[in-house]
Amino acid sequence: MDSIQKQNKAAKDGKKDEQLDNFRVDHKDQKLTTNHGVRVSNTDDSLKAGNRGPTLMEDFHFREKMTHFDHERIPERVVHARGSGAHGYFQVYEPMNEFTKAKFLQDPSVKTPVFVRFSTVVGSRGSADTVRDVRGFATKFYTEDGNYDLVANNIPIFFIQDAIKFPDVVHSIKPEPNNEIPQASAAHDTFWDFVVSTPELAHMVMWLLSDRAIPRSFRMMEGFGVNTFRFVNEQGKGRFVKFHWKPLLGVHSLVWDEAQKLGGKDPDFHRRDLWRAIEMGEYPEFELGVQMIEEEDEFEFDFDILDATKFWPEEIVPVKRIGKMTLNRNVDNFFAETEQVAFHAGHVVPGIDFTNDPLLQGRLFSYLDTQLIRLGGPNFHEIPINRSLAQVHNNQRDGYHRMTIDKGPVSYSPNFLQSNAPHPTPDEENGYVHYTEKVDGRKIRERNKSFNDHYSQAKLFWNSMSDAEKQHIVDAFHFEIGGVKNKQIRQLVVNMFSNVNENLAAQIAEGVGVTAPPLSSGSDVTDSSPAVSQENTVKSPQTRWVGILVENGFNYSEIIQVIEELKKAGVNSEIVSKYQGTITCSNGNAIEVDKNYLTTGSIMYDAVYVGGGQQSIETLLTHGDALNFINEAYKHCKAIGATNEGVDLLVASQIQSTKIAGPDTEGELVTHLGVVTIRNENDMTNFSQEFVNSIAEHRHWTREVENEMVPA
Ligand code: HDE
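On a predicted model such as this, the values are computed, not experimentally measured, just so you know. (Residues numbered from 1 in each chain as written. Predicted model: local features only at pLDDT ≥ 70, side-chain atom pairs only at ≥ 80, totals over all residues. Heavy atoms only, no water.)

1. Notes on the packing of helix 13 (residues 487-497) against helix 14 (residues 502-512)
Running from amino to carboxyl end, helix 13 crosses helix 14 at an angle of 165 degrees, the nearest separation of the two axes being 8 Å. Taken together, the axis directions place helix 13 and helix 14 in an arrangement best described as roughly antiparallel. At the point where helix 13 passes helix 14, the crossing takes the right-handed sense. Contacts from Arg-490, Val-494 and Phe-497 in helix 13 reach Leu-504, Ala-505, Ile-508, Ala-509 and Val-512 in helix 14. Here the contact of helix 13 with helix 14 is built from residues that sort into seven nonpolar, no polar and one charged. (Axes fitted to C-alpha atoms, helices over the stretch in contact; angles between N-to-C directions. Helix = DSSP H or I, 4+ residues; strand = E, 2+ residues; numbered from the N terminus. Parallel < 35°, antiparallel > 145°, perpendicular 65-115°, else oblique. Left-handed = near helix turned anticlockwise from the far one by under 90°. Contact = heavy atoms within 4.5 Å. Nonpolar A, V, L, I, M, F, W, Y, C, P; charged D, E, K, R; others polar.)

Structure below.
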């Protein structure tokens with residue numbers, strides 16, 4: 001086996017871990033040294049002329065330590081600065097050779113190592129996770145044919161059609177340059193000024209103001225390659241392709257009030273959620289899906305398939321699920337891996353190619369360009385996380401931070417001295433050959449008129465939303481446009497979105513103090529795409545979290561039964577009480593408190609449970625925080641469960657319009673609007689099952705009608 005075959009085998013066997021092992025250092029039990037390996041005797045005092053004298057220049061340890069510190073920050077990404085990464089692997093379900101020759105998409109027994117980085121787009125590195133924003137979902141596949149990056153977002157379309165507008169849209173949405181306000185938010189004048197001046201944004205804005213932009217978890221988002229790529233098979237036949245990631249846990253979101261509060265209570269909410277799930281062995285899983293269009297059908301659609309402000313409705317072009325990715329390992333070092341990883345929409349392998357999508361064409365330039373400065377020169381492919389498993393041989397030399405010690409005098413091609421090595425690989429042996437698409441046109445700074453329709457799919461999206469989702473979009477407009485100081489821009493937003501739906505425009509106008517345009521006969525687009533509504537997603541209780549409110553004197557056997565039943569269904573729980581420490585139940589058994597009201601809140605959980613125990617409930621009834629827990633969880637439409645005396649806490653809260661078990665009911669299970677209650681019952685089995693069903697629903701939106709009355 002030659003070294004290339006060996007390397008290919010390593011790639012096949014998923015050996016990225018082993019490769020990274022060469023770079024991992026454990027400092028446990030080691031002696032402190034300088035960067036050049038000299039042992040250091042004291043790192044607490046600088047070298048001085050006398051113990052009260054000046055520090056000396058010759059203190060090489062001080063200078064090296066301080067210099068390194070001074071240079072510890074590298075520029076953050078201009079967009080997608082805040083991210084969270086994880087390792088894992090990908091396996092294809094069946095050979096895809098009919099469509100693509102990409103090697104990692106052929107053999108179901110091969111586990112291709114991957115590294116994924118999820119991100120927000122607008123905020124700085126230290127901004128909050130739960131802001132309203134698009135989420136990045138970038139995956140690096142370390143394939144035997146080199147690295148393939150699927151640099152995706154959690155929304156299937158983009159703001160603009162041509163990459164030349166990217167600096168404009170990003171400048172408009174970033175904090176305003178005079179005062180650097182607001183952080184990680186679109187709710188300000190410059191963004192909406194740009195929106196009303198650029199109608200192609202209409203569709204993306206609808207998605208941005210929908211629940212998609214406030215995901216519950218990175219583990220519960222879809223991913224979309226957005227741009228149209230091309231699959232090419234062994235015979236050289238090409239097909240248009242769009243890539244999808246489908247989370248096995250379904251697509252779920254936070255509510256806006258919760259997202260905002262989490263920004264204060266736990267700015268790392270998504271990062272922590274991902275980290276914790278992986279540490280607990282609840283590995284996030286995503287299926288890779290592809291939509292394919294035959295070359296001959298390129299013009300068969302009422303949108304241009306190269307226009308990135310359009311999606312291909314799944315009802316028209318079905319998504320074929322072709323494999324699964326499992327994320328099963330957290331990083332060892334955030335900076336070395338998550339921060340230094342460099343993705344590029346142009347990193348493709350044989351079998352995957354580009355199209356003339358003008359947004360994609362511009363991306364092909366930008367990623368390498370920006371990484372040259374962020375990662376300090378042209379050798380960042382040598383940083384461990386970026387190294388390909390396939391061998392790298394070329395004539396590139398030198399530059400900042402070169403790690404490879406290239407041997408020999410030859411660094412050019414062609415050459416005689418080395419028999420022209422490194423040799424190009426012909427197409428038949430899987431050298432990358434670009435798809436030979438015929439291109440014929442005049443040089444022109446213009447868009448095709450097939451890119452002119454900016455509203456049909458925005459209407460389609462609106463039509464596809466459930467009532468609750470529509471209401472959330474209206475509320476989001478009220479928040480976002482409420483942040484716009486210039487009244488004329490507010491009016492122009494309403495005018496613009498009357499092209500999407502006049503009722504929507506009227507509702508926006510009502511909330512932001514401008515005039516609604518007159519209603520006309522209604523929308524001309526009546527189609528919808530049920531696949532884009534989150535109402536129709538997978539519903540699962542798995543990996544959800546329940547906050548359990550208890551105080552001294554709680555009913556031990558009741559609560560332990562519920563915790564165990566939840567666990568059986570894959571639901572996790574935490575004990576919440578006024579103080580941390582140990583609390584005891586009526587018969588003396590003790591339980592450890594996980595969180596107090598200051599370190600947590602209902603916003604950190606998917607559901608709340610209050611168990612019985614007279615003394616515990618009497619105490620809880622005196623805690624405003626406990627009552628707020630219930631009110632807030634109710635307002636955020638979460639599952640709520642209460643058993644025996646625990647039901648009294650619900651009675652005392654502000655959620656009275658919900659039907660709950662009355663004091664005289666004997667073991668009768670009452671479920672209404674996601675609130676599950678039972679009294680006078682010792683066996684918690686039925687209650688737990690019903691509570692789990694309620695948790696699986698994710699949210700009970702029908703409650704929202706009466707929610708305005710609930711103070712929280
Ligand atoms: Fe990016 N994008 N982008 N983008 N993008 C970057 O590259 C750019 C676009 C996406 O976790 C930058 O290394 C242009 C679409 C993700 O490291 C930069 C255009 C999609 C990430 C850049 C787009 C994305 C980036 C900034 C055309 C979804 C984070 C730092 C308008 C398919 C990757 C960097 C990570 C990052 C340029 C549009 C996804 C500046 C010019 C569409 C997930 O090069």
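2. Remarks on the domain arrangement of the chain
Examined at the domain level, the chain breaks down into domain 1 (33-72), domain 2 (83-156 + 166-175 + 212-386) and domain 3 (545-706). Tallying the contact residues gives 15 residues for domain 2 and 19 residues for domain 3. For the pair domain 2 and domain 3, the two sides together bury roughly 1,300 Å², of which 52% comes from carbon and sulfur. Three residues stand out in domain 2 for area buried against domain 3, namely Val-255, Glu-258 and Lys-265, and they jointly supply 36% of the buried area on that side. (Domains from an automatic or database assignment. Buried area = accessible area lost by both parts, 1.4 Å probe.)

3. Structural notes on the side chain of Lys-310
Tracing the sequence through the fold places Lys-310 in the loop between strand 8 (285-294) and strand 9 (320-330). Here Asp-307 takes part through its side chain, which lies 2.8 Å from a polar atom of the side chain of Lys-310. Among the polar contacts listed, one links the side chain of Lys-310 to the side chain of Thr-309, at a separation of 3.0 Å. Sequence-distant contacts of Lys-310, that is, excluding residues within four places in its chain, are made with Ile-157, Gln-161, Lys-242, Phe-303, Asp-453 and Gln-457. (Polar contact = N/O pair within 3.5 Å; in protein donor to acceptor, adjacent residues only side chain to side chain.)

4. A short note on the packing of aromatic side chains
Here the structure, examined in full by the defined rule, presents 32 aromatic pairs. An angle of 80 degrees between the planes, with centres 5.3 Å apart, marks the rings of Phe-191 and Trp-192 as edge-to-face. Phe-191 sits in the buried class, given a relative accessible area of 0%. For the cation-ring pair, Lys-111 lies above Tyr-89, with the distance from its terminal atom to the ring centre recorded as 4.3 Å. (Phe/Tyr/Trp six-rings, centres within 6.5 Å; stacked < 30°, edge-to-face > 60°. Buried < 20%, exposed > 50% of the residue type's maximum accessible area, 1.4 Å probe, protein only. Lys NZ or Arg CZ within 6 Å of the ring centre and 35° of its normal.)

5. Some words on the packing of helix 4 (residues 166-173) against helix 5 (residues 189-197)
Interaxial distance between helix 4 and helix 5 falls to 6 Å at its minimum, and their mutual angle equals 140 degrees. Judged by the angle between their axes, helix 4 and helix 5 are oblique. For the pair helix 4 and helix 5, the contacting residues are Asp-168, Val-169, Ser-172 and Ile-173 in the first and Thr-190, Phe-191 and Phe-194 in the second. Of the residues assigned to the contact of helix 4 with helix 5, the class counts are four nonpolar, two polar and one charged.

6. Here we look at a nonpolar patch on the surface
Taken together, the side chains of Phe-62, Met-66 and Phe-69 present a nonpolar region at the surface, about 280 Å² in accessible area. With respect to the element layout, Met-66 can be found in helix 3 (residues 60-70). Overall, the relative accessible area of 35% leaves Met-66 in the partly exposed class. (Patch = residues over 30% accessible without salt bridge, like charges linked within 9 Å, V, L, I, M, F, W, Y side chains within 5 Å. Areas by Shrake-Rupley, 256 points an atom, 1.4 Å probe, with all protein chains shown as cover. Salt bridge = Lys/Arg side-chain N within 4 Å of Asp/Glu carboxyl O.)

7. Thoughts on the environment of Glu-314
Here Glu-314 lies in the loop between strand 8 and strand 9. By relative accessible area, Glu-314 is classed as partly exposed at 24%. Along the chain, Glu-314 and Lys-635 lie 321 residues apart, while their C-alpha atoms are 33 Å from each other. Ignoring anything within four residues of it in the chain, the contact list for Glu-314 reads Glu-222, His-244, Lys-246, Gln-291, Val-319, Ser-529 and Ala-531. There is a polar contact of 2.7 Å between the side chain of Glu-314 and the side chain of Lys-246.

8. Considering the site of the ligand
Near the ligand, the surroundings consist of 24 residues, among which Arg-77, Arg-117, Ser-366, Tyr-367 and Gln-371 are the closest. In this structure, an oxygen atom belonging to the ligand sits 2.6 Å away from a side-chain N or O atom of Arg-117. Among the elements of the structure, strand 3 (135-143), strand 4 (146-153) and helix 10 (358-374) are those that each provide at least two residues to the shell around the ligand. No other element matches helix 10, which puts six residues into the shell around the ligand. Here the residues of the shell around the ligand sort into 14 nonpolar, seven polar and three charged. (Near = heavy atom within 4 Å.)

9. With respect to the environment of Pro-518
Structurally, Pro-518 can be placed in the loop between helix 14 and strand 11 (545-549). Judged by its relative accessible area of 71%, Pro-518 falls in the exposed class. When the C-alpha atoms of Pro-518 and Asn-503 are compared, they prove to be 9.8 Å apart, with 15 residues separating the residues in sequence.

10. Things to note about the pairing of strand 4
Walk down a regular strand and you will see the side chains alternate between the two sheet faces. With eight of eight residues buried, strand 4 is to be regarded as a mostly interior element. Sheet analysis places strand 3 next to strand 4, joined by eight bridges and oriented antiparallel. Counterpart to Phe-141 in the pairing with strand 4 is Tyr-148. Connecting strand 3 to the next strand, strand 4, in antiparallel fashion are two residues. (Pairing = 2+ DSSP bridges.)

11. Considerations on empty space enclosed by the protein
Counted according to the given criterion, the structure contains five cavities of 30 Å³ or more. Taken as a whole, the largest cavity spans an internal volume of roughly 90 Å³. Across the lining of the largest cavity, the residue classes tally to eight nonpolar, three polar and four charged. When its volume is computed, the second largest cavity comes out at roughly 60 Å³. Asn-154, Arg-212, Pro-215, Met-220, Met-221, Glu-222, Val-251, His-252, Ser-253 and Gln-534 together form the lining of the second largest cavity. Each residue belonging to the lining of the second largest cavity can be placed in one class, and the counts come to four nonpolar, four polar and two charged. (1 Å grid on protein atoms, 1.4 Å probe; cavity = no way out; pocket = protein on both sides within 12 Å on 5 of 7 lines; lining within 4 Å. Points joined across faces, edges and corners; volume = space filled by probe spheres on them.)

12. With respect to the UniProt feature "binding site: heme" (unreviewed entry) in the chain
UniProt records the feature "binding site: heme" (unreviewed entry) at Arg-77, Arg-117, Phe-166, Arg-363, Tyr-367 and Arg-374, using the numbering of this structure. The subset of the named residues that lines the second largest pocket consists of Arg-374. Assignment of secondary structure puts Phe-166 in helix 4. When its relative accessible area of 30% is taken as the criterion, Phe-166 is described as partly exposed. Every residue in contact with Phe-166, bar those within four places of it in the chain, is listed here: Val-79, Phe-158 and Ile-160. Along the chain, Arg-363 turns up in helix 10. The class of Arg-363 is buried, set by a relative accessible area of 14%. Apart from residues lying up to four places away in sequence, Arg-363 is in contact with Val-151, Ala-163, Gly-225, Asn-227, His-344 and Ala-345. (UniProt positions renumbered as here; feature names shortened; annotations may be inferred.)

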